[in-house]
Amino acid sequence: MKRILHTADTHIGYSAYRRIDEATGLNQREVDTYEAFKQFVDYALKERPDVIVHAGDLFDSVHPTNRAISFVLGQLIRLSEEGIPFVAISGNHETPRLKETGSVFSLFEHILHVHAVYGNHYELVDVDDLKVHALRTREMVDLEPVVCGSLDEHGIKRAIKHRIQESNPRDKVVRLKVLDIPLHVYHSLDFDELKRLTRSAVHFEIKYEFRRDNELFSAEHLTFHSLHTEFEHFIGRYLIGAHVNKARLKELGLRYMQEGEEENEE
Ligand SMILES: [Mn+2]
């Protein structure tokens, strides 16, 4: 009986959050990825499977750091020296969108017993009399973010639409960030239309980051007049039924405010 040890999604080199590992001075999450993979290799050396299959996302990125690459090479050499075959199939995190970029997996070609699959098409890997069928990964695209900045409402909507259309989303997994979008523009987006434009994608994720200094609070709108003046403006713009006497309402309102203020002063 053959024994296969399987893993995936080790995302080596992934770094996030602020915590720093004291021993190494590196990002804690990055160190976690190294330690987890080292434990996996230790386990494999103890168990000695007939083959190890890594089914994708060995690295977290198309361009791992030298540190991440060097770490992985070191671990794979440990397995190689013990004659344990390692099949590495490139996942969507490490598969470059452009062929010219080249794959970090090409480095593995130089290590005995490591079979690297990174052509992004179906491949059959023969390891002794075991056959591993490596499938093509789904293309994942991170689009250039839409930065709302000085764009007006119309410009923002056009930019989002344009970015979606030029991404050619059919059959892809696509991610788009819309940065610095004013809340009122977000609320006026035509979500039905966006859904229609992205429907051909396998998955289309749009993340919005809202503008902090919402224009409601921006400097030019920060001029509050006296409560009386604000109330007069409000009554002027407020739509009320024809049966309401606006002039009378305003007069009453102003009088009550006056009385309230006088009471407070006492
Ligand atoms: Mn993954």
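Conventions used here
Residues numbered from 1 in each chain as written. Predicted model: local features only at pLDDT ≥ 70, side-chain atom pairs only at ≥ 80, totals over all residues. Buried ≥ 20, exposed ≤ 12 C-beta atoms within 10 Å, placed from the backbone. Helix = DSSP H or I, 4+ residues; strand = E, 2+ residues; numbered from the N terminus. Pairing = 2+ DSSP bridges. Axes fitted to C-alpha atoms, helices over the stretch in contact; angles between N-to-C directions. Parallel < 35°, antiparallel > 145°, perpendicular 65-115°, else oblique. Contact = placed C-beta atoms within 7 Å. Nonpolar A, V, L, I, M, F, W, Y, C, P; charged D, E, K, R; others polar. Domains from an automatic or database assignment. Expected span 1.5 Å × (residues − 1). Arc of directions from axis to C-beta. Core = buried A, V, L, I, M, F, W, Y, C linked by C-beta atoms within 7 Å.

(A) Molecular detail of the pairing of strand 4 (residues 114-117). Side chains V114 and A116 of strand 4 all project onto a buried face; the interleaved residues H115 and V117 project onto the opposite face, where all are buried too. One ladder, built from four bridges, connects strand 3 (residues 86-89) with strand 4; its direction is parallel. Paired with F86 across the two strands is V114, which belongs to strand 4.

(B) Examining the packing of helix 1 (residues 28-47) against helix 2 (residues 66-81) more closely. Across the interface, helix 1 lies against helix 2 with an axial gap of 10 Å and an inter-helix angle of 5°. Classified by the angle their axes make, helix 1 and helix 2 are roughly parallel. Each of Y34, F37, K38, V41, A44 and L45 in helix 1 lies in contact with helix 2, whose residues at this interface are F71, Q75, R78 and L79. Taken together, the residues that form the contact of helix 1 with helix 2 break down as seven nonpolar, one polar and two charged.

(C) Representation of the domain arrangement of the protein in the model. Along its sequence, the protein is organised into domain 1 (4-134), domain 2 (140-217) and domain 3 (224-265). Here the C-alpha centre of domain 3 lies 71 Å away from the C-alpha centre of domain 1.

(D) Structural detail: helix 1. Taking 1.5 Å per residue, 20 residues should reach 28 Å; helix 1 reaches 28 Å between its end C-alpha atoms and fits that length. Burial in helix 1 covers these residues: E30, T33, Y34, F37 and V41. Down the axis of helix 1, the sector holding all buried residues measures 95°, keeping them to one side. What points out from helix 1, more than 90 degrees from its buried face, is the exposed set E35, Q39, D42, Y43, K46 and E47. Residues of helix 1 that are buried make contact with helix 2. One or two steps after helix 1, the chain reaches R48, where phi turns positive at roughly 50°.

(E) The sheet that holds strand 1 (residues 4-7), seen in detail. Judged by pairing direction, the sheet is parallel, and its four strands sit side by side in the order 1-2-3-4 without closing on themselves. Two strands in the sheet have a free side with no partner beyond their single neighbour: strand 1 and strand 4. Taken over all neighbouring pairs, the strand axes of this sheet differ in orientation by 15° on average, direction set aside.

(F) Broad picture of the environment of F59. Along the chain, F59 falls in the loop between strand 2 (51-54) and helix 2. Through-space distance from the C-alpha of F59 to that of N92 is 9.8 Å; in sequence the pair is 33 residues apart. Beyond its immediate chain neighbours, meaning those up to four positions away, F59 contacts I12, G13, P64, A68, H93, E94 and V104.

(G) Geometry of the nonpolar core. If you look at the biggest cluster of nonpolar residues, it comprises 24 residues, and the most contacted ones within it are I12, F86, V87, A88 and V117. Those elements that provide at least two residues to this core are helix 1, strand 2, helix 2, strand 3 and strand 4. Here this core gets four residues from one element, more than from any other, and that element is strand 3. Leave out the neighbours within four places in its chain, and A88 touches H54, L58, F105, F108, V114, A116 and V117.

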